[in-house]
Amino acid sequence: MPQSKVSSAGFQKIIDHFNMPDAQLVSVQKGYRNQSHLLRLPDGTQQNLIIFKSEPGALTHIANAHAVGRFLASQGLPVRHATDPRILVIKNRQGAVRHAAVHNYLPGNTIPWEAYTKDHIKALGGAMGDIHRALQPFAAHLLPDAAQQNMQLSKRMERYFSDRGVQQSMRKKLGVTSVDTQFKTLHMQCAALPNQQALHLDFVRGNILFIGTQVSGIIDLEKTARGHRLLDIARTLSFLLVDCKYKPEHKIRKYFLFSGYKKRGRQPLSQTHDFDLLEKLVDFYLVYDFYKFLRHNPYESLLANEHFMRTKDLLLKRGLAR
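My aim in this report is to walk through the structure given alongside it, one point at a time. (Residues numbered from 1 in each chain as written. Predicted model: local features only at pLDDT ≥ 70, side-chain atom pairs only at ≥ 80, totals over all residues. Heavy atoms only, no water.)

**Focus on a positive patch on the surface**
On the surface, Lys155, Arg156, Arg159, Lys184 and Arg295 cluster together into a positively charged patch. Per-element tally for the positive patch: the top contributor is helix α4 (residues 146–161), with three residues. Residue classification places Arg156 among the partly exposed residues on the basis of a relative accessible area of 38%. (Patch = residues over 30% accessible without salt bridge, like charges linked within 9 Å, V, L, I, M, F, W, Y side chains within 5 Å. Areas by Shrake-Rupley, 256 points an atom, 1.4 Å probe, with all protein chains shown as cover. Salt bridge = Lys/Arg side-chain N within 4 Å of Asp/Glu carboxyl O. Lys, Arg positive; Asp, Glu negative; His and termini not counted. Charge placed at Lys NZ, Arg CZ, Asp CG, Glu CD. Helix = DSSP H or I, 4+ residues; strand = E, 2+ residues; numbered from the N terminus. Buried < 20%, exposed > 50% of the residue type's maximum accessible area, 1.4 Å probe, protein only.)

Written out as structure tokens, the structure is:
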């Protein structure tokens, strides 16, 4: 049987709870926020049992993901959604709490960003446009505010990069003397924009499944929040600019924004102020990714991390780091 962190007895209790006592465990895949157990049912169909990471607010994140996922699935989009409305609470002997839920199985595989062709990038933009259009009538007031969340992230980054020990280590080990974290005005602008709606906000490589060059599945909606669509676009564009190393930036923007989001996804994106704001949001997400690298890795190891080095180079190029 495939390896899982859940004991055999614990696993059996979980699938019994969801009325799947004869389900067979096919595979286990560990992600950043969860562990996915692919199950095969006696009738030959497959389901994903997701066991979520223990973290503050996890139950709310899962419930929000379920609501948005069900809404998108009802409109025929290939999105992971709960097939059972229940969310199981799991406690270990130390009192730590995790949650489990059952979702539909989606075919396809993730692929490295550096392996993306122009058709992959166009399909990605088109899929985001489809989601944004479909989510316009969703009751987004029930979701957390993305601009406020980003405001809190900016405050944490300001505290981190103002620390003298951090500054000394960055200068000595990475050759970086300072990082721009002044994004308060940007987040206030985003909060004041009209047409706030539900967003995915984690539309990145590990959460998009492909069959060939067609998007076959969109997963992990736990970061869903309310905000302007430019936040979603900028989050994905910041990843593409870093990881599509064999394509010039203007081509990435053309494929994702114009051939994908605007043409295939049938979403407007033509006003000058949209592009100005979009680039500022890309700046924010690049700094945020840089910050996450520093928080979770020894500085010395980052020099061998290509994604980090490309992020650092982009920050220097865009004047966000010195």
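Having seen the structure, we can now continue with the description.
**A look at the pattern of salt bridges**
Scanning all chains against the criterion turns up 13 salt bridges. Put simply, Asp145 and Arg226 hold a salt bridge, and the shortest N to O gap is 3.1 Å. You can see Asp145 sitting in the loop between α3 (118–135) and α4 and its partner Arg226 sitting in strand β9 (residues 225–227), a full 81 residues away along the chain. Notably, a salt bridge pairs Asp289 with Arg235, separated by 2.6 Å at the nearest N-O pair. Taken as a pair, Asp289 in helix α9 (residues 272–296) and Arg235 in helix α7 (residues 229–243) lie far apart in primary sequence, 54 residues in all. A single salt-bridge network, built from bridges that share partners, covers Glu249, Arg253, Glu279, Asp283, Lys317 and Arg318.

**Quick look at helix α5 (residues 164–174)**
Here α5 has its buried residues at Val166, Met170 and Leu174. On an axial view of α5, the arc spanned by its buried residues comes to 35°, and they lie on one face. Along α5, the residues that are exposed and aim more than 90 degrees away from the buried face are Arg164, Gln168 and Lys172. Of the residues flanking the start of α5, the one acting as N-cap is Asp163, its side-chain oxygen 2.9 Å from the backbone nitrogen of Gly165. Gly175 sits one or two residues past α5 and shows a positive phi near 75°. (Arc of directions from axis to C-beta. Polar contact = N/O pair within 3.5 Å; in protein donor to acceptor, adjacent residues only side chain to side chain.)

**Observations concerning the packing of α3 against α7**
For the pair α3 and α7, interaxial distance at closest approach is 11 Å and the crossing angle is 160°. As the angle between them shows, α3 and α7 are arranged roughly antiparallel. Helix-helix and strand crossings are classified by hand; for α3 and α7 the assignment is right-handed. Contact with α3, carried on its side by Ile121, Leu124, Met128 and His132, involves Arg229, Asp232, Ile233, Thr236 and Leu240 of α7 and no other residues of that element. Per-class residue counts for the contact of α3 with α7 are five nonpolar, two polar and two charged. (Axes fitted to C-alpha atoms, helices over the stretch in contact; angles between N-to-C directions. Parallel < 35°, antiparallel > 145°, perpendicular 65-115°, else oblique. Left-handed = near helix turned anticlockwise from the far one by under 90°. Contact = heavy atoms within 4.5 Å. Nonpolar A, V, L, I, M, F, W, Y, C, P; charged D, E, K, R; others polar.)

**Topic: the packing of aromatic side chains**
With the rule as written, the count across this model stands at 14 aromatic pairs. Ring geometry for Tyr160 against Tyr291: centres 5.3 Å apart, planes inclined by 85°, an arrangement best described as edge-to-face. Taken together, the residues Tyr160 in helix α4 and Tyr291 in helix α9 connect sequence positions 131 residues apart. Note on Tyr291: relative accessible area 6%, which makes it buried. Feature note: the residues Tyr160, Phe161, Phe183, Phe284, Tyr285, Tyr288, Phe290, Tyr291, Phe293 and Phe308 constitute an aromatic cluster, connected by ring pairs. (Phe/Tyr/Trp six-rings, centres within 6.5 Å; stacked < 30°, edge-to-face > 60°.)

**Examining the environment of Lys263**
Relative to the elements of secondary structure, Lys263 occurs in helix α8 (residues 249–264). Judged by relative accessible area, which is 65%, Lys263 ranks as exposed. The sequence separation of Lys263 and Gly227 amounts to 36 residues, and the corresponding C-alpha distance is 22 Å.

Interpretation note: all reported values are geometric properties and have no functional meaning in isolation.
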